[in-house]
Amino acid sequence: MFLHQLDLTTALRPSLLPEETLLFVQDAVGLYEGKYKIPQYQNGQAYLTSHRACYVAHSEPRQNSVAIFLKDVERHEFYAGFLKSSPKITLYPKPSKQLSRGASTAASNASTTPERRGSPAPAAPPVSATWVCPICSFSNPVPSNFDPATANARTPLPPCLACGIKPPLVHVVKAAISAMSNRQAPAPPLGYNDGSSNAPVPGIDNPASSGSGTIPCPRCTFQNHPSLTTCEMCGGPLGSAIDKRLDIAQSIGRAESPGPSLSSPLKNETIQSIKFSFRGGGDKIFYERLKNALVQRKWLLQSAPPIPKPRPASGSFEDAYSGNADTPAADPGRSKVVGIAGLERRGLEQKMNNEAMIGGAFEDLEALMTSAKEIIALAEQFSSQANLGTNGSSDANALASASALGLVTTKDMLGTGSGSESLYVSELSRNLAEWLTDDTRGILRREGGIVTLVDLWAVFNRARGGVELVSPADFEKAARMWDKLKLPVRLRQFKSGLLVVQGRDRTDEKTIASLLAWLKELHNDQAKDLPWDVHAFGRGVTAQETAERFGWSVGVATEELEMSEEAGALCREQGLEGIRFWENWLVKTPFHTLET
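Residues numbered from 1 in each chain as written. Predicted model: local features only at pLDDT ≥ 70, side-chain atom pairs only at ≥ 80, totals over all residues. Heavy atoms only, no water.

Looking at an unreviewed UniProt entry, the chain carries the name Vacuolar protein-sorting-associated protein 36, with the source organism given as Karstenula rhodostoma CBS 690.94. Here the chain is described in UniProt, under the heading Function (unreviewed entry), as follows: "Component of the ESCRT-II complex (endosomal sorting complex required for transport II), which is required for multivesicular body (MVB) formation and sorting of endosomal cargo proteins into MVBs." Check the Subunit (unreviewed entry) section of the UniProt entry for the chain; it says "Component of the endosomal sorting complex required for transport II (ESCRT-II)." (UniProt positions renumbered as here; feature names shortened; annotations may be inferred.)

Participant: Which residues make up the confidence of the model for the chain, and what values go with them?
Facilitator: In the predicted model, the chain carries a mean pLDDT of 74, and 64% of its residues have values of at least 70. Low pLDDT, under 50, characterises residues 253–261; the stretch is placed with 10 contacts to residues that sit more than four places away or in other chains. (pLDDT = per-residue confidence, 0-100. Contact = heavy atoms within 4.5 Å.)

Participant: Pulling in residues and values, what's your account of helix α18 (residues 554–566)?
Facilitator: Over its 13 residues, α18 runs 18 Å from end to end, which matches the ideal 18 Å to within 8%, given 1.5 Å per residue. Turning to α18, its buried residues number three or more, namely V556, A557, E559, E560, L561, M563 and S564. The first or second residue beyond α18 is G568, which carries a positive phi of 90°. (Helix = DSSP H or I, 4+ residues; strand = E, 2+ residues; numbered from the N terminus. Expected span 1.5 Å × (residues − 1). Buried < 20%, exposed > 50% of the residue type's maximum accessible area, 1.4 Å probe, protein only.)

Participant: Residues and numbers for the sheet that holds strand β17 (residues 489–493), please.
Facilitator: Pairing is antiparallel across the open sheet formed by 3 strands, whose spatial order is β16-β18-β17. One side of each edge strand has no neighbouring strand; the edge strands of this open sheet are β16 (450–452) and β17. For this sheet, the mean angle separating the axes of adjacent strands, direction not counted, is 30°. Sheet topology places β16 next to strand β18 (residues 499–503); 3 bridges connect them, and they run antiparallel. Counted as the bridge partner of I450 is Q502 from β18. Against the sheet, helix α12 (residues 453–464) engages β16, β17 and β18, with an angle of about 85° to β16. (Pairing = 2+ DSSP bridges. Axes fitted to C-alpha atoms, helices over the stretch in contact; angles between N-to-C directions.)

Participant: Describe the nonpolar core, listing the residues and the values that go with them.
Facilitator: The biggest cluster of nonpolar side chains holds 36 residues, and the ones touching the most others in it are L436, L456, W482 and V501. Looking at which element gives the most residues to this core, the answer is helix α10 (residues 420–437), with 8 residues. For this core, the two domains that each supply at least three residues are domain 1 (3–96 + 266–300) and domain 3 (411–503). Ignoring any residue separated from it by four or fewer positions in sequence, one finds V501 in contact with L436, L444, G449, I450, V451, L453, L456, W482, R490 and L491. Within the second largest apolar cluster, 28 residues are counted, among which are F24, I38, F276 and L294. (Core = buried A, V, L, I, M, F, W, Y, C linked by side-chain atoms within 4.5 Å. Domains from an automatic or database assignment.)

Participant: Summarise the pairing of strand β2 (residues 22–33); cite the residues concerned and give the values.
Facilitator: A large share of β2 lies buried, amounting to 10 of its 12 residues. Examined bridge by bridge, β2 and strand β4 (residues 44–49) share 5 bridges and lie antiparallel to one another. Each residue of the ladder has a partner; that of V29, found in β4, is G44. Sheet analysis places β2 next to strand β13 (residues 274–278), joined by 5 bridges and oriented antiparallel. Across the sheet, residue G30 finds its bridge partner in β13, namely S277. Inspection of the sheet shows β2 paired to strand β3 (residues 36–37) by 2 bridges, in the antiparallel sense. Bridge assignment links E33 to a residue of β3, and that residue is Y36. Count of turn residues in the β2/β3 antiparallel hairpin: 2 residues, of which G34 carries a positive phi of about 70°.

Participant: Which residues make up the packing of aromatic side chains, and what values do they have?
Facilitator: Under the defined criterion, the tally for this structure stands at 9 aromatic pairs. Measuring from ring centre to ring centre gives 5.8 Å for W518 and F550, while their planes differ by 85°; the resulting arrangement is edge-to-face. Taken as a pair, W518 in helix α15 (residues 508–521) and F550 in helix α17 (residues 543–550) lie far apart in primary sequence, 32 residues in all. The same class applies to W518 as to F550, namely buried. Feature note: the residues F24, F276, F278 and F286 constitute an aromatic cluster, connected by ring pairs. Over the aromatic face of Y32 sits the side chain of K88, whose NZ or CZ is 5.3 Å from the ring centroid. (Phe/Tyr/Trp six-rings, centres within 6.5 Å; stacked < 30°, edge-to-face > 60°. Lys NZ or Arg CZ within 6 Å of the ring centre and 35° of its normal.)

Participant: Can you lay out the side chain of S426 for me, pointing to particular residues and giving the numbers?
Facilitator: In this structure, S426 sits in helix α10. Judged by its relative accessible area of 6%, S426 is buried. Setting aside its immediate chain neighbours within four residues, S426 contacts Q45, M481 and L485.

Participant: Can you lay out helix α13 (residues 472–480) for me, pointing to particular residues and giving the numbers?
Facilitator: At 3.6 residues per turn, the α-helix brings residues three or four places apart onto the same side. Buried within α13 are the following residues: D474, F475, A478 and A479. One face of α13 carries all of its buried residues, which in axial projection span an arc of 135°. (Arc of directions from axis to C-beta.)

Participant: An account of the pattern of salt bridges is requested, with residue identities and associated values reported.
Facilitator: Here the structure, examined in full by the defined rule, presents 15 salt bridges. The partner of E476 in a salt bridge is R480, and the shortest N-O contact between them spans 2.9 Å. Here R480 and E476 lie together in helix α13, a separation of 4 residues that amounts to about one turn. Given the relative accessible area of 31%, E476 is considered partly exposed. Accessibility expressed as a relative area gives 47% for R480, which makes it partly exposed. Notably, a salt bridge pairs D483 with R504, separated by 2.8 Å at the nearest N-O pair. Highlighted residues: D483 in helix α14 (residues 482–485) and R504 in the loop between β18 and α15, separated in sequence by 21 residues. Looking at D483, the relative accessible area reads 46%, which means it is partly exposed. Through salt bridges with shared partners, a single ionic network connects R13, E427, R430 and E434. (Salt bridge = Lys/Arg side-chain N within 4 Å of Asp/Glu carboxyl O.)

Okay, structure coming up:
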């Protein structure tokens, strides 16, 4: 299978595999299967990584998103576009993927043999004949109700599916007679006798189930090997699923053998090519980085085992697969040195480790392939140290820092064109949503589930470490796109104009319920010297106490309390100590109780 289902993150972006890095992103991209557009895959974004070429649709991305592993690509082609035709990049699968059609045909040959004595052999599906157009040389299907014995000059003939010109009668008659002569049923196997007449019926047998196991060409009737997909004589396709127009024409007149539908490309195992159509630019950069990824082949390093590391005490190596679980992690007799001497010792140990790594890796080719991942990382580190101070090295270090933080989408990874600015904002919005919903960082959880936009902007830029800093205007635009992209976080604006960020599942009703539950807990407060019944009415709370209770900032706590007051759940008490918020007993208490 050439196309694979794509797993998406919470921000509706491709979930990266281990050791996989993002290379390029481009929007306004459509998919083609051969020469035909794939429905529901015509408006989306293309993500190029070091391992895959991914497509994420804008409408229903969880269902209409696919990925192509670069290890399954045999070759690629680039079409620059012409007039109204957009630029396209074509990916062809490896031959092992294309031979699935021949394997399924060979399997159908074995199914025609009777499994036991006394059971008749199942009939194979019929195969229609084709005639070659003398104008454009296109293969057209012969109508299923065409009878060459009764055909005359007044018999209606369908025109060519490519050029629209009706064929001569003699061409269609010859094609029908040739197909009938090649569809004779094979003789029953030896020893088969159930007492009934089993005469072969013309037009019922499959051409692929001949006695020699060969496949006849529907164009020139040449007997080909079952593993071939094209005829050796005329070069015509042997599988009917290769030509989509033929299948569509056959499905109109014959409901029992419909052609393959292009609506679900994941189920099609006979894909010959997939095209990425770039309608908004970015095709040249995408193709250039695609070629570099195919040359580097980083997916080969994904399952590479770790290299043996030298022990500090002795010069021997310890292997991660040796199974020495009894070996302690650190030498107890080794003295711990701090300060400048500790830094010098650490540098010396790192130098010895690098020497052992290089010496062990270059002993033979097998050791080099085993240590390929570490050797490449070490070479990149040496290169960055040698070119320290240059712009290229600083940019590379910046991108490495961003990748380590999970902020992998930078401006140089985005496509160009008229929508480059909107693409940058949308990718920034997705990147920010992934960063907020990451459980390992717990940004929203640490802030009580809600944080102001200004504080979030400061924390986000601080986390980037000076790499690709985001302006306040772009940050606000990215936050306002969360509702459009249907991401799990949303931007909320209070009555005072304060902008906050919170989870989409967090509503005002849940906030009011949590505040009321906290105020009910205060009924059990053991406060003394109060002029009211604490167990009956509880006590009021300030914005500072609410912020400490829920982990909010004071501004957010004030806004949430005022929102609850407007909803009628709380009421305020304004005195010398400031403003306190109580449960709204004015609504809950009956009127006659207040009079007394």
